[in-house]
Amino acid sequence: MTSYPHQFEFVLPALESKCSEFHHFQYDTFTEADLWEFCVKKKWRKKDIETMHLYEMINDIMDMTASDFLAYHQVEALKKARWNDDSTLENIEHLLRPSPKK
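Scoring rules and cut-offs
- Residues numbered from 1 in each chain as written.
- Predicted model: local features only at pLDDT ≥ 70, side-chain atom pairs only at ≥ 80, totals over all residues.
- Heavy atoms only, no water.
- Helix = DSSP H or I, 4+ residues; strand = E, 2+ residues; numbered from the N terminus.
- Buried < 20%, exposed > 50% of the residue type's maximum accessible area, 1.4 Å probe, protein only.
- Contact = heavy atoms within 4.5 Å.
- Expected span 1.5 Å × (residues − 1).
- Bend = angle between axes of the 7 residues up to and from the residue.
- pLDDT = per-residue confidence, 0-100.
- Salt bridge = Lys/Arg side-chain N within 4 Å of Asp/Glu carboxyl O.

1. Let's talk about the side chain of Gln7
Inspection of the secondary structure puts Gln7 in helix H1 (residues 5-24). Residue classification places Gln7 among the buried positions, given a relative accessible area of 9%. Apart from the residues lying within four places of it in its own chain, the contact partners of Gln7 are Trp36, Ile49, Glu50 and Met57.

2. Some words on H1
Here H1 contains 20 residues, and its C-alpha end-to-end distance of 26 Å stays within 8% of the 28 Å for a straight helix at 1.5 Å per residue. Within H1, the axis deviates most sharply at Val11, by approximately 60°, and proline Pro13 lies no more than four positions further along. Turning to H1, its buried residues are Gln7, Phe8, Val11, Leu12, Ala14, Leu15, Lys18, Cys19 and Phe22. Looking at the buried residues of H1, the elements they touch are helix H2 (32-43), helix H3 (54-63) and helix H4 (66-79). Downstream of H1 by one or two residues, Gln26 has phi in the positive range, about 70°.

3. Here's the deal with the confidence of the model for the chain
Confidence in the prediction for the chain averages 85 pLDDT; 79% of positions are at 70 or higher. For the chain, the element scoring lowest by mean pLDDT is helix H5 (residues 86-96), at 67; H3 scores highest, at 96.

4. Comments concerning the pattern of salt bridges
Per the stated rule, a full pass over the model turns up two salt bridges. Between Asp60 and Lys47 there is a salt bridge whose closest N-O contact spans 3.9 Å. Of the two residues, Asp60 sits in helix H3 while Lys47 sits in the loop between H2 and H3, which places them 13 residues apart along the sequence. Residue classification places Asp60 among the buried residues on the basis of a relative accessible area of 16%.

Structure (structure tokens):
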């Protein structure tokens, strides 16, 4: 279920268009719902979505780039990383270990 379903229905044609554009460039895993959630959580996180104008939403959707979308999802994946995993702890220890003196 998407957040703000009423607004989602209004901008669905723009989301479909942007999704087909991304699919043209071989980004086949993007869906309209994914793009919508990106807009809600990233682009419009400080805005009142209920009062946004339709043209503002359409403009933001059509202005979206695949790199914006991918960067957001990479950061979100890092936030959700399991920090108590042994391999992760080893990587952190390796990063924080002082380099040997020359």
